[in-house]
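Residues per chain are reported as follows:
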Amino acid sequence: MKKVYRLRKNEQFHTVRSKGRSWANRWLVLCALPNDLPYSRFGFTVSRRVGSAVVRNRARRLLREAVRLRRETIAPGWDLVFVARAPMKEAAFHEVDRAVEQLLRRARLLLPDPDDEESQERVKKDEE
RNA sequence: CAAGCAGGCCGGGCGGUCGCGCCCUGAGCAUCCUCAGGGUGAGGAAAGUCCGGACUCCGCAGAGCACGGUGCUGGCUAACGGCCAGGCGGGGCGACCCGACGGAUAGGGCCACAGAAACAUACCGCCUGAAUCAUUUCAGGUAAGGGUGAAAAGGUGGUGUAAGAGACCACCGGCGGGGCUGGUGACAGUCCCGGCCAGGCAACCCCCACCGGGAGCAAGGCCAAGCAGGAGGGAGCGCCUGCGGGCGCAGGGAGCUGCUCGUGCCCUUUGACCUCCGGGUAGGCCGCAUGAGGCGCACGGUAACGUGCGUCCCAGAUAGAUGACCGCCACCCCAUCCAGGGGGACAGAAUCCGGCUUACAGGCCUGCUUGGGUG
RNA sequence: GCCCCCAUCGUCUAGAGGCCUAGGACACCGCCCUUUCAAGGCGGCGACAGGGAUUCGAAUUCCCUUGGGGGCA
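Sequence order as written defines the numbering, with residues in each chain counted from 1. Lettering of chains starts at A and numbering of ligands starts at 1, both following the order in which they are written. The model is predicted, so local features are restricted to residues of pLDDT at least 70 and side-chain atom pairs to those at 80 or more, both for listing and for counting; the totals for chains, interfaces and linings are taken over all residues. Here the side-chain values reflect all heavy atoms present in the structure, with hydrogen atoms and water set aside.

A. Quick look at the protein's contact with RNA strand B. We call a residue near a molecule or strand as soon as one heavy atom of that residue lies within 4 Å of the molecule or strand. Lining the immediate environment of RNA strand B, one finds 23 residues, of which R6, L7, N10, R58 and R61 sit closest. Close to the protein, within 4 Å, the atoms of RNA strand B belong to sugar or phosphate groups at a rate of 76%. N or O atoms closer than or at 3.5 Å make up a polar contact, with two conditions inside protein: a donor-capable atom paired with an acceptor-capable one, and, for residues adjacent in sequence, both atoms drawn from side chains. In the environment of RNA strand B, a phosphate oxygen lies 2.6 Å from a nitrogen or oxygen atom belonging to the side chain of R6. Contact between RNA strand B and E65: a base nitrogen at 3.3 Å from a side-chain N or O atom of the residue. The helix count covers DSSP runs of H or I at least four residues long, the strand count covers runs of E at least two residues long, and both are numbered beginning at the N terminus. Those elements giving two or more residues to the surface near RNA strand B turn out to be α1 (10–19), β3 (41–45) and α2 (53–70). Here the surface near RNA strand B is composed, by residue class, of eight nonpolar, four polar and 11 charged. Following the grouping adopted for this structure description, the nonpolar residues are Ala, Val, Leu, Ile, Met, Phe, Trp, Tyr, Cys and Pro, the charged ones are Asp, Glu, Lys and Arg, and the polar ones are all others, Gly among them.

B. Quick look at helix α3 (residues 93–106). With 14 residues, α3 should cover 20 Å at 1.5 Å per step; its first-to-last C-alpha distance of 20 Å lies within 8% of that length. Remark: exposure states derive from per-residue accessible area (1.4 Å probe, protein chains only) relative to the maximum for the residue type, with buried under 20%, exposed over 50%, and partly exposed in between. When we look at burial in α3, the residues that qualify are V96, D97, A99, V100, L103 and L104. Considered in projection along α3, the buried side chains sweep an arc of 165° and stay on one side of the axis. Contact definition: two residues touch when any of their heavy atoms are within 4.5 Å. Contacts made by the buried residues of α3 are with β1 (21–24), β2 (28–34), α2 and β4 (78–84). Looking at the residues trailing α3, positive phi occurs at R108, about 55°. A helix is expected to span 1.5 Å for every residue after the first. By definition, the arc is the one covered by directions from the helix axis to the C-beta atoms.

C. Structural detail: the nonpolar core. L30, L63, L80, F82, V96, V100 and L104 are the most contacted members of the largest nonpolar core, which has 26 residues in total. Of all the secondary structure elements, the ones that give two or more residues to this core are β2, β3, α2, β4 and α3. Residues contacting V96, with those up to four places away along its chain left out, are L62, L63, A66, M88 and A91. Working definition of a nonpolar core: buried Ala, Val, Leu, Ile, Met, Phe, Trp, Tyr and Cys residues. They are joined through side-chain atoms within 4.5 Å.

D. The packing of aromatic side chains, seen in detail. Two rings belonging to Phe, Tyr or Trp (six-membered ring only in the last case) form a pair when the distance between their centres is within 6.5 Å. Interplanar angles under 30 degrees mark stacking, angles over 60 mark edge-to-face geometry, and anything in between is tilted. Summed over all chains, the structure comprises two aromatic pairs. Ring geometry for Y5 against Y39: centres 5.5 Å apart, planes inclined by 85°, an arrangement best described as edge-to-face. Residue Y5 is located in the segment before α1, and its partner Y39 is located in the loop between β2 and β3; the two are separated by 34 residues in the primary sequence. Ring geometry for F44 against F82: centres 5.8 Å apart, planes inclined by 15°, an arrangement best described as stacked. Remark: F82 occurs in strand β4 and F44 occurs in strand β3; sequence separation between them is 38 residues.

E. Just the packing of α2 against α3, in detail. Two elements in contact, α2 and α3, have axes whose closest approach is 9 Å; the angle formed by their N-to-C orientations is 55°. One element, α2, and the other, α3, form an angle in the oblique class. Like other packed secondary-structure pairs, α2 and α3 cross with a definite hand, here right-handed. Note on element contacts: α3 touches α2 through F93, V96, D97, V100 and E101, opposite L62, L63, E65, A66, V67, L69 and R70. Taken together, the residues that form the contact of α2 with α3 break down as eight nonpolar, no polar and four charged. Angles shown run from 0 to 180 degrees and are taken between the N-to-C directions of axes, each axis being a line fitted to C-alpha atoms and, for helices, limited to the stretch in contact. An angle counts as roughly parallel when it lies under 35 degrees, as roughly antiparallel when it exceeds 145, as roughly perpendicular when it falls between 65 and 115, and as oblique in every other case. For any pair of crossing helices, the crossing counts as left-handed if the nearer helix is rotated counterclockwise from the farther one by less than a right angle, and right-handed if it is rotated clockwise.

Given below as structure tokens:
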């Protein structure tokens with residue numbers, strides 16, 4: 001993921017964490033805040049509570065990869081911060097991927113998939 | 001073959017599809033954005049931050065004190081609390097391993113409880129004398145035996161004695177002093193003398209020798225929005241007033257793409273605006289990777305290591321790059337008749353190096369020891 | 001990243017080599033007191049972060065590990 005699509009400054013992280021909305025599941029916390037840009041930006045936080053340096057690096061890389069592969073389907077114009085929780089240290093890639101998808105779906109930040117009738121119907125309902 | 005000891009090394013390999021950091025080249029006005037091509041991208045401990053340096057800033061005439069560290073000897077090194085070699089002590093049948101290993105007659109302090117006594121003595125004893133019908137008591141001698149304790153003035157045999165005792169003698173062991181021999185030295189060997197004058201703790205203070213100025217790359221340097229600060233320039237009259245200010249005319253200023261018009265806004269001595277100055281926050285850049293560098297060969301040295309020649313360039317991020325998915329092979333485990341199933345330790349660069357310490361699945365190589373077997 | 005500090009019952013703490021089988025307060029449990037509760041009294045439960053070293057002897061001294069906390073732009 002290129003640098004422009006990432007959150008870079010401590011201040012940006014604080015803004016999103018304090019002013020944005022948040023969703024959580026067993027592995028992750030997602031915070032989101034509109035950013036008035038034509039694209040979305042992402043940040044990843046793994047604290048020392050999760051584990052050693054090796055564990056934290058791996059967690060962050062898995063998260064970044066999961067988000068990279070889904071970037072086309074994520075709504076533009078948001079700053080998103082993913083915070084890893086303790087169970088992340090044992091998670092495999094597909095579990096991380098599923099956790100990311102679940103949170104994005106709950107936050108309604110996924111673009112409507114042409115093949116997915118359910119989500120299209122939901123968008124229609126929102127428009128009504 | 002089994003058990004073990006020492007030293008060195010590895011820490012899966014190849015390929016495909018997506019993706020990331022840095023460097024170089026080219027193109028798009030472009031160190032910064034985009035695209036294309038090429039190169040490169042975690043460790044033996046990158047870890048703990050326990051030592052030592054380099055580097056940077058601060059301090060500094062010199063010396064001493066304080067404080068901290070190290071502590072057998074010689075060497076290596078930029079330096080070290082590291083390494084090599086040797087000595088001594090201890091452990092192991094052995095290969096080998098382990099050792100904070102200076103000083104306790106420079107001084108101070110401590111040694112609980114127990115025990116008579118913890119560094120100087122006598123509780124039970126033993127012996128002599130006196131008193132006493134006797135039990136026993138008193139005075140003196142003694143340190144062999146008993147008991148206490150972690151620790152109590154060397155061991156064996158004899159002479160000696162009232163009983164004993166290094167009181168004396170022989171041998172052994174230890175201590176102190178001196179000489180000789182070997183060794184750079186620690187030390188070893190040997191001879192003579194002394195007198196058994198006799199504990200332990202210096203990871204208690206201390207003494208001796210040697211070493212150390214303080215902080216740390218978030219060091220430090222450069223550029224520098226904004227907000228304040230300083231210097232200079234800077235355009236006025238009238239009316240009203242409840243003295244805060246307001247209104248009119250005139251003028252000035254910055255802005256609205258360059259000019260004009262127009263339009264609001266701000267200001268005219270409690271100063272709009274313009275110019276300059278120093279310090280410096282956010283932020284950015286440098287520091288930042290060619291180095292006490294790696295590899296190979298030769299020479300010197302028992303070795304650590306050094307010297308010379310050749311050759312190579314080998315991470316550099318800043319919410320922090322080395323990831324995801326898959327195939328084949330190798331390895332290990334389960335099942336072993338096949339099919340098959342499962343697994344991959346400890347751990348992630350952050351200024352850089354030399355060490356130490358701690359963690360670690362599994363595997364490879366070399367030398368050596370002990371025991372057994374076979375030829 | 002660099003540099004410091006701390007660790008004792010459930011909680012807050014005392015302790016400076018032997019007097020420690022570790023003391024105190026609050027909390028908890030039981031009994032007494034009270035019609036009952038609180039307060040009070042008596043008794044009980046309960047800890048030296050882990051490992052090694054020095055020492056006759058370690059909560060205390062030294063080393064390593066683990067876990068907390070703080071400072072530096």
